[in-house]
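# Overview (structure and organization)
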Amino acid sequence: MTSNGELNIPDIPAISGTTQEYVYKRLRNAIMLGAIEPGTSLTMRGLAERLGLSPTPVREAVRQLSSEHAIQIKDNRRMMVPLMTLDRFEELVSLRVVVEVHTAKRALHYMSDFIIEKLTEMDNRMDELIFERDLDQLTLLNQAFHRTLYMANPARASMPIIESIWLQLGPFQRQVLTRLTEYYEIDRHKEILAALTTRDETALQDAITNDIRDGVLNSGRNLLVSTGAA
């Protein structure tokens, strides 16, 4: 929610396509970004009013997001962003590690100095965003960092799987970030960049694994235990 109690659905750049595709991508972005917290109650009418659209394209977009486990449709026709449980959280984090390590190792064979320079610029900007506590832009840029790395591989077959995991983790991961007083004791992105520069596959695997686990795992566990969601 925004400060005035309005549902927070950030704008996205204009896209070519149907209104339903626009609604889907905008809601998907909001959920992946964590702008809509787990447990937030949603209604078709409320979403349509917030987006300034008729319920029909919203209904179709919600149906698609429900099939991706990003929105839970309740028996009383109300909807919500699913709450996280400890088992589901650990499963999603484990999947992130397996799939993203695989994808990073495949991308390493196509890595160029130009891409590494681009990733370095992103990481430097992320350092500034951490200091500024701009969590929206930090989350977006973190996703862009990983997406840029993984898409160096022209096949890109695992990206839909990765983004599906990000979508399911996004709302809870944002809750974790909001409660962290410090973000990373060790900058794992620097380790990723070093491994890419030396083309060291083992070091890249370790850096990706540690980046994912340091970023959310222990803090997420603690938050779920403290709130009784375990």
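Throughout, residues of each chain are indexed from 1 in the direction in which the sequence is written. Restriction of local features to residues with pLDDT of at least 70 applies here, the model being predicted, together with a cutoff of 80 or more for giving and counting side-chain atom pairs; totals for whole chains, interfaces and linings are based on all residues. Calculated side-chain values reflect all of the structure's heavy atoms, with hydrogen atoms and water omitted.

### Focus: the overall build of the protein
- A tally of regular secondary structure across the protein gives nine helices and three strands.
- Helix and strand definitions here come from DSSP, where helices need a minimum of 4 consecutive H or I residues and strands a minimum of 2 consecutive E residues; each element is numbered from the N-terminal end. Reading the helices (α) and strands (β) of the protein from amino to carboxyl end gives α-β-α-α-β-β-α-α-α-α-α-α.
- Only C-alpha atoms enter the radius of gyration; for comparison, a globular chain is expected to reach 2.2 Å times N to the power 0.38, where N is the number of residues. For 230 residues, the compact-globule estimate of 2.2 N^0.38 gives 17 Å, and the protein sits close to it at 18 Å.
- For the C-alpha atoms alone, the extent of the protein along its principal axes is close to 55 × 45 × 30 Å.

### Topic: the domain arrangement of the protein
- For the protein, the assigned domains read domain 1 (19–81) and domain 2 (86–227).
- Averaged C-alpha coordinates put domain 1 and domain 2 at centres separated by 26 Å.
- Whether two residues are in contact is decided by their heavy atoms, any of which lying within 4.5 Å being enough. Taken together, the contacts link 14 residues of domain 1 with 16 residues of domain 2.
- The term buried area denotes the loss of accessible surface (1.4 Å probe radius) that occurs when two parts are joined, taken as the sum for both partners. Of the roughly 1,200 Å² buried at the junction of domain 1 and domain 2 (both faces included), carbon and sulfur atoms supply 63%.
- Definition used for salt bridges: Asp or Glu carboxyl oxygen within 4 Å of a side-chain nitrogen of Lys or Arg. Inspection of the region where domain 1 meets domain 2 yields one salt bridge.
- Under the rule applied, a polar contact is a pair of N or O atoms within 3.5 Å (in protein, one hydrogen donor and one hydrogen acceptor; residues adjacent in sequence only if both atoms are side-chain atoms). Remark: the boundary between domain 1 and domain 2 carries three residue pairs in polar contact (both at pLDDT 80 or more).
- A per-element tally of the side of domain 1 that touches domain 2 places helix H1 (residues 19–33) first, with five residues.
- Of the residues that constitute the side of domain 1 that touches domain 2, the class distribution is eight nonpolar, three polar and three charged. What counts as a domain boundary in this text is fixed by an automatic or database domain assignment. Residues are sorted three ways: Asp, Glu, Lys and Arg are charged, Ala, Val, Leu, Ile, Met, Phe, Trp, Tyr, Cys and Pro are nonpolar, and all the rest, Gly among them, are polar.

### Here we look at the side chain of Thr139
- Mapped onto the fold, Thr139 is located in helix H6 (residues 135–150).
- Sequence-distant contacts of Thr139, that is, excluding residues within four places in its chain, are made with Met32, Leu33 and Leu177.

### Side note on helix H2 (residues 44–51)
- The rule is simple: take the accessible area with a 1.4 Å probe, protein chains only, and divide by the maximum for that residue type; under 20% is buried, over 50% is exposed, in between is partly exposed. Along H2, the positions that sit buried rather than exposed are Leu47, Ala48 and Leu51. Along the axis of H2, the buried positions cluster into a sector of 100 degrees, meaning they face one direction only. H2 presents Arg45 and Glu49 as exposed residues on the side facing more than 90 degrees away from its buried surface.
- Next to the buried residues of H2 lie H1, strand S1 (41–42), helix H3 (55–67) and strand S3 (79–80).
- After H2 finishes, the residue Gly52 shows a positive phi value of roughly 70 degrees. Note: the arc covers the axis-to-C-beta directions of the helix.

### Some details on the UniProt feature "domain: HTH gntR-type" (unreviewed entry) in the protein
- UniProt positions are given in the numbering used here, feature names are shortened, and annotations may be inferred rather than shown by experiment. Taking the numbering used here, the UniProt-annotated feature "domain: HTH gntR-type" (unreviewed entry) corresponds to residues 17–84.
- In residues 17–84, helix accounts for 53% and strand for 9%; the two terminal C-alpha atoms are 33 Å from one another.

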